[in-house]
Amino acid sequence: MNLHEYQAKEVMSRFGIPVQRGKLAYTVEEAITGAKQLQVETNTPIFIVKAQVHGRTRQRRRHQIGKNIDEVREKAQAMLGMTLVTKQTGEEGKLVSKVYIAEDMYIEGKSKPKEFYLSILFDRSTSQNCIIYSTEGGMDIEEVAHETPHLVHKEWISPITGFMPYNARKIATNLGLSGEAFKSCTKFVANLYNAYVTTDASMIEVNPMLKTADDRIVAVDGKMSIDDSALFRHPDLLAMRDLSEENPTEVEAGRSNLNFVKLDGNVGCMVNGAGLAMATMDIIKLAGGAPANFLDVGGTASAETVEAGFRIILKDPNVKAILVNIFGGIVRCDRVANGIVEAYQQMGNIKVPIIVRLQGTNAELAKKIIDESGLEVHSAILLSEAADKVQQVLAH
């Protein structure tokens, strides 16, 4: 589950992490009110108007400078209701329904502000948490890694010792910090790692992490993703979930306790079990098709879950066929077959061919139920047989 910038900053603040202060606004009037309040609280002369959408993008496309209240009004008015396109949103983009009015942190003093990059995530290749950091903040880290890889550093955290003070000191040293900025950075990194572990985050990114003119280290931007499987431990974080930012079909699938991921192919998949789903997608590719989705109905497929699965798959206009591949272990195949027949009858006319492959307990009985149903459903027992039927359907 992804958090917005303003939410990530709220969570970071709970762990003693200095963040750029701001006010959330859903309307132009709220933006103006927030800017005036911020001016009183922080004495900031300049405001940053930030679009709040999930995903990363370059600052100039998402952040606008307001030099006074009138410019805040102008920038907020232009930003609210616009469609912001990023690498993460794809060509369809995301509607901007709220903005964050933030204080200016780049005022020069005894030294010039400096931007850094810092993120924490799990490195599966080493089975360790990894802190990635760079002196080149405010930019896409992928571009920095591609063009100047020597400027991207990694600090792996031992699962035995956990985060240690020397980890923070090494990071601050490699960033070229000294004095008060060095001390501020070590505390910042330690608190950020604590936030990452305590919230069961799968990723925290601070870009930029700013050294201010008075040598403070502050999170000017922030992104957090929380492990979905751990959300039951964090009802306060779950309450921050913004369903409007998520794929509506995936949200609907979640309500029916279905594991669904939208893909770009032409054959819908309905399976029970993640491993079987991967094998099913492979067999579809070998048959000359492309999977349109990943859909796991779980180990207790019923008429209700099967019907919900069909409805979700059929929302995709690119689907030319549906392959149902169920292994009857916990659930009997004949029960699934009856569920498919019932779901088909409930939904009425389904205009795409359905291939059903049932294997396991009572598989032959399930095939008989499907074959004698009188419905436009093709049954199979072997996976190769199902693949042949997919190929025949796509050929027509």
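Residues numbered from 1 in each chain as written. Predicted model: local features only at pLDDT ≥ 70, side-chain atom pairs only at ≥ 80, totals over all residues. Heavy atoms only, no water.

Enquirer: Just to check I follow, could you spell out the overall build of the chain for this structure?
Expert: Helix and strand content of the chain: 14 helices and 19 strands. With the principal axes as the frame, the chain shows a C-alpha extent of 85 × 50 × 40 Å. Split into buried and exposed, the 396 residues of the chain put 50% on the buried side. In the chain, of all internal contacts separated by at least 6 residues, the share reaching a separation of at least 24 is 68%. (Helix = DSSP H or I, 4+ residues; strand = E, 2+ residues; numbered from the N terminus. Buried < 20%, exposed > 50% of the residue type's maximum accessible area, 1.4 Å probe, protein only. Contact = heavy atoms within 4.5 Å.)

Enquirer: Would you explain unusual backbone geometry in this entry?
Expert: Backbone phi values are negative for most residues with the exception of glycine, while trans is the configuration of most peptide bonds. In this structure, the amide linkage connecting Asn-207 to the following residue, Pro-208, adopts the cis form with an omega of 10 degrees. Summarising the element assignment, Pro-208 is placed in strand E11 (residues 201-211). Although it is not a glycine, Ser-127 sits at a positive phi angle of roughly 55 degrees. Mapped onto the elements of the fold, Ser-127 is located in the loop between strand E8 (114-123) and strand E9 (128-134).

Enquirer: Can you help me understand the pattern of salt bridges in this one?
Expert: Where charged atoms of side chains with opposite charge meet at close range, the side chains can pair. Counted by the stated rule, this structure contains 18 salt bridges. Here Lys-183 ties to Glu-180 by a salt bridge, and the two come within 3.8 Å at their closest N and O atoms. Of the two residues, Lys-183 and Glu-180 are both situated in helix H7 (residues 179-198); the distance of 3 residues between them amounts to about one turn of the helix. Residues Asp-214 and Arg-216 are paired through a salt bridge, measuring 3.2 Å at the closest nitrogen-oxygen approach. In this structure Asp-214 comes out as partly exposed when scored by relative accessible area, which is 42%. When its relative accessible area of 40% is taken as the criterion, Arg-216 is described as partly exposed. Within this structure, Glu-5, Lys-9 and Lys-50 form a network of salt bridges that share partners. (Salt bridge = Lys/Arg side-chain N within 4 Å of Asp/Glu carboxyl O.)

Enquirer: Before we go on, may I ask you to explain the sheet that holds strand E3 (residues 47-51) in this structure?
Expert: Two modes of strand pairing occur in sheets, parallel and antiparallel, and in both the strands are linked by backbone hydrogen bonds. Taken together, 4 strands build an open sheet; the order of strands is E2-E7-E3-E4 and the sheet is antiparallel. The open sheet has two edge strands with one neighbour each: strand E2 (22-25) and strand E4 (63-66). Between one strand axis and the next, the sheet turns by 25 degrees as a mean value, whatever way the strands run. With 4 bridges connecting them, E3 and E4 associate as antiparallel partners. Of the residues in E4, the one forming a bridge with Lys-50 is His-63. Most of the contacts of helix H2 (residues 28-42) go to E2, to which it runs at about 170 degrees, and overall it touches E2, E3 and strand E7 (99-103). (Pairing = 2+ DSSP bridges. Axes fitted to C-alpha atoms, helices over the stretch in contact; angles between N-to-C directions.)

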